[in-house]
Structure formats: C-alpha cells, structure tokens
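For reference, the chains in residue letters:
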Amino acid sequence: MERNTKIIIISSIIFIALGVILLIGFKNKYKIDDTKKIDGDVTSAILPFVEKQEDINKRLRVVEKSTKYTFDNAYVELNPYGISPLSAIIIFQTEEEAAIQVYINNKLFTTMEKSKKHTIPIYGLYENKKNVIKLVSGEKVKEYSITTAKSNIEHPIKVEVAHESLNDEIYFTEGSMISGLTGWDKEGNLRFYLTQTLKMDVEWLANGHFIIGTEQGNDLDGYKALDRYLAFVEMDYLGKVYNYYTVPYGFDFETQILSNGNIMIGGGNKPIYYDEHII
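The rules behind these values
- Residues numbered from 1 in each chain as written.
- Predicted model: local features only at pLDDT ≥ 70, side-chain atom pairs only at ≥ 80, totals over all residues.
- Heavy atoms only, no water.
- Helix = DSSP H or I, 4+ residues; strand = E, 2+ residues; numbered from the N terminus.
- Buried < 20%, exposed > 50% of the residue type's maximum accessible area, 1.4 Å probe, protein only.
- Contact = heavy atoms within 4.5 Å.
- Areas by Shrake-Rupley, 256 points an atom, 1.4 Å probe, with all protein chains shown as cover.
- Phe/Tyr/Trp six-rings, centres within 6.5 Å; stacked < 30°, edge-to-face > 60°.
- pLDDT = per-residue confidence, 0-100.
- Pairing = 2+ DSSP bridges.
- Polar contact = N/O pair within 3.5 Å; in protein donor to acceptor, adjacent residues only side chain to side chain.
- Core = buried A, V, L, I, M, F, W, Y, C linked by side-chain atoms within 4.5 Å.

1. A few points about the overall build of the protein chain
Stage number 1. A count of helices and strands for the protein chain gives one helix and 16 strands.
Stage number 2. Sorting the 279 residues of the protein chain into buried and exposed places 48% on the buried side.
Stage number 3. For the protein chain, the share of sequence-separated contacts (at least 6 apart) that also reach a separation of at least 24 residues comes to 53%.
Stage number 4. Carbon and sulfur atoms make up 50% of the accessible area of the protein chain, which totals about 14,200 Å².

Written out as structure tokens, the structure reads:
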C-alpha cells in the first residue's frame, strides 16, 4: 500500500533527571495476533484494552470473510478499537482484483494494491465533522460519510505562521502528560488523538507503527503505577496493538530505537522515580 499522506514527527524535549544511559533488558514481550490472548505475571502491566482486542480482531475477521460487503455496500466502522476516535476502517470484497484509491474530504489519502478482499484503514479524520470518504476503482466511484465527535483535548494548537508549501501532512506532538499523543495539520486542526492513557516518548518504526508507554498496571514494592510507566506497546493509528512489552521496574521519559532494531529505554533494576538509568 502506497501512502500519499506524509507524516512529520515533532520531537518533544525529553528530560531524564540524573540519568546514566546503558542498555535495557525487558521482562516480557508479547506478540499480539488474532488468536493469542494476552497473559503474564501478576506484577506486569496488564492492559484491559489489549485483552479486548482479541474479540475485536475476531469480529473484523468475520467481516473480512463475508461476501455481503461490496464496493457499493461496504462495512464502515468508526474507531474500531475504541481508543482512536479520528480513525475508521472500511471492509468489502470485489469480484475481480482491483486497486482502490481512497480520498478523505476530496484529498487523496492512499491507493490500496490490487486485491479481491479490501480492508482499508482510515486515519486523519476531522473532529466534530461529517467526513466524506470517496473510493475510486476504475470508472466506479462510491462515497461514504463518517461523522466524528468533538474531542476533549484541553490544549489545542494555535497556528502563528502557516506555510503554504506544506501539504495535508499530520504533525505529531509526542505523548505529553496533559494531552498524550496528538496529531495536527498545518491549520491547527486536530487529526489524531488517543483516549487510552498512553503517554511519554513516542518512537516511529519502519513498518509504520509506533511505540508508546502506558502507565497502567499493578503497584510494585508500594510504588504506584501512576508515578512511572510499566509497559509500552507497538500499535498503529487505528489503535490496534501488535506487540506489548513489560519492564520489571518501570521506566520514565526516554525511548530510542537503535540501528540494530533494539529498543533503549530509561529504566532501572528497582522502582524508579526521577533517578533513572538504563540496564
């Protein structure tokens, strides 16, 4: 799938107090698929929304196999994973293999490769608006409308200078303590946000997914999960989780993807809070 929408990442300033950078080892890594349920030891950060994804994946897999959803009668669902309100999914089948051009509000979003089965992820919708999704396959054209709700983001982006050279790109602010991960266009319109508590440093992967921390989990040694992050997940813009990592004693602030594919993260060998190192 070729994506015409470019993604530009705005890196936030990361502060690591009293940090010494070494290399971390993770306690657990869980790979998410449609058939494997998440489990782990009682002290790891078990995410309820990850566990729910097993049922969501099964339901969508049934839809993908159904022949009743066609180009002119597609399955359309806003926010299928329940945590990414400005995303959607469109599913249908065609009798012959066909490439599908996808437009969001008359702007080309992506072109799907030829196939008989079509599962199209949609992201970058406008909040509090009736968004028009146009599908084009040869001479055939079909439009679907997806209406989104108003967000609860408390600190919107104010645009001081708009650059005419910029296209319909999405600028991501990394996971702040106030708003979490958000994405904005050049006019300051909100185009992406998450409702799940996922914050801290965000790193984008070569496969188009990203990793982000979660503060959910049980206390360790009397240390509240709210004070540090016990796990991080690899997910896409629909909110679908692919991999899940737990860190035995939590981590704060900084995550880096190394050239060899390893992940470096600010943590330690005991519960931490503003006294960090990486092991």
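There's plenty left to go through after this.
2. Focus on the packing of aromatic side chains
In this description, an aromatic ring pair is defined by two values, namely the gap between the centres and the angle between the planes.
Stage number 1. Here the structure, examined in full by the defined rule, presents 11 aromatic pairs.
Stage number 2. The interplanar angle of 85 degrees and the centroid separation of 5.9 Å between the aromatic rings of Phe71 and Phe92 together place this pair among those described as edge-to-face. Pair noted here: Phe71 is in the loop between α1 (48–65) and β4 (75–78) and Phe92 is in strand β5 (residues 87–104), with a separation of 21 residues, a long-range link. For the pair shown, Phe71 and Phe92 are each scored as buried.
Stage number 3. A ring pair is formed by Trp204 and Phe210, whose centres lie 5.9 Å apart and whose planes are at 40 degrees; its orientation type is tilted.

3. Some words on the environment of Leu125
Stage number 1. Relative to the assigned elements, Leu125 resides in the loop between β6 (107–123) and β7 (130–137).
Stage number 2. Owing to a relative accessible area of 0%, Leu125 belongs among the buried residues under this scheme.
Stage number 3. Taking the C-alpha atoms as reference, Leu125 lies 6.4 Å from Ser87; in sequence the two are 38 residues apart.
Stage number 4. In this structure Leu125 touches Leu78, Leu86, Ser87, Ala88, Ile104, Asn131, Ile133, Ile146, Thr148, Leu190 and Arg191, once residues within four positions along its chain are discounted.

4. Concerning the confidence of the model for the protein chain
Stage number 1. Confidence in the prediction of the protein chain, expressed as mean pLDDT, is 74, and 63% of residues score 70 or more.
Stage number 2. This model gives residues 32–46 a pLDDT under 50, and the stretch forms 44 contacts once residues within four places in sequence are excluded.
Stage number 3. Contacts for the low-pLDDT stretch residues 217–227, under 50 throughout, to residues beyond four places or in other chains number 28 contacts.

5. So, the environment of Leu238
Stage number 1. If you trace the backbone, Leu238 turns up in the loop between β14 (229–235) and β15 (241–257).
Stage number 2. The contacts of Leu238, once residues within four sequence positions are left out, are Tyr81, Ser84, Ser87, Ala88, Ile89, Pro121 and Ile122.

6. Quick word on the pairing of strand β11 (residues 190–193)
Stage number 1. Pairing analysis gives three bridges linking strand β10 (residues 180–184) to β11, with the strands arranged antiparallel. In the strand pairing of β11, Gly183 is matched with Phe192.
Stage number 2. In textbook terms, the turn of a hairpin is the stretch between consecutive antiparallel strands, and for β10 and β11 this stretch comprises five residues, one of which, Gly188, has a positive phi near 85 degrees.

7. Describing the side chain of Asp185
Stage number 1. By the element assignment, Asp185 lies in the loop between β10 and β11.
Stage number 2. At 3.0 Å, the side chain of Asp185 forms a polar contact with the backbone nitrogen of Glu187.
Stage number 3. Of the polar contacts made by the side chain of Asp185, one reaches the backbone nitrogen of Asn189; its length is 2.8 Å.
Stage number 4. Excluding residues within four positions of it along the chain, Asp185 makes contact with Tyr126, Glu169, Tyr171 and Arg191.

8. A look at the side chain of Thr148
Stage number 1. Following the sequence through the fold, Thr148 ends up in the loop between β8 (140–147) and β9 (170–176).
Stage number 2. The exposure class of Thr148 is buried, given its relative accessible area of 4%.
Stage number 3. Of the polar contacts made by the side chain of Thr148, one reaches the backbone oxygen of Tyr126; its length is 2.5 Å.
Stage number 4. Polar contacts involving the side chain of Thr148 include one to the main-chain amide nitrogen of Asn128, which spans 3.0 Å.
Stage number 5. Once you skip the residues sitting within four places of it in the chain, Thr148 turns out to touch Leu78, Pro85, Leu86, Leu125, Tyr126, Glu127, Asn128, Lys129 and Asn131.

9. Quick notes on the environment of Val136
Stage number 1. Note on placement: Val136 falls in strand β7.
Stage number 2. Put simply, Val136 and Tyr103 are 33 residues apart on the chain and 8.2 Å apart in space, counted from C-alpha to C-alpha.
Stage number 3. Residues within four places of Val136 in sequence aside, it is in contact with Phe71, Ala99, Ile100, Gln101, Tyr103 and Val141.

10. Considerations on the nonpolar core
Stage number 1. Ile122 and Leu135 are the most contacted members of the largest nonpolar core, which totals 51 residues.
Stage number 2. No other element matches the nine residues that β5 contributes to this core.
Stage number 3. Ignoring any residue separated from it by four or fewer positions in sequence, one finds Ile122 in contact with Leu86, Ser87, Ala88, Ile90, Val102, Ile104, Phe109, Ile133 and Leu238.
Stage number 4. Residues Phe232, Tyr245, Ile263 and Ile265 belong to the second largest nonpolar core, which totals five residues.

11. Thoughts on unusual backbone geometry
Stage number 1. Phi is positive for Asn105, which is not a glycine, with a value near 50 degrees.
Stage number 2. Relative to the elements of secondary structure, Asn105 occurs in the loop between β5 and β6.
Stage number 3. For Asn105, a relative accessible area of 17% corresponds to the buried category.
Stage number 4. For Asn106, which is not glycine, the phi torsion reads 70 degrees and is therefore positive.
Stage number 5. Summarising the element assignment, Asn106 is placed in the loop between β5 and β6.
Stage number 6. Overall, Asn106 belongs to the exposed group, its relative accessible area being 63%.

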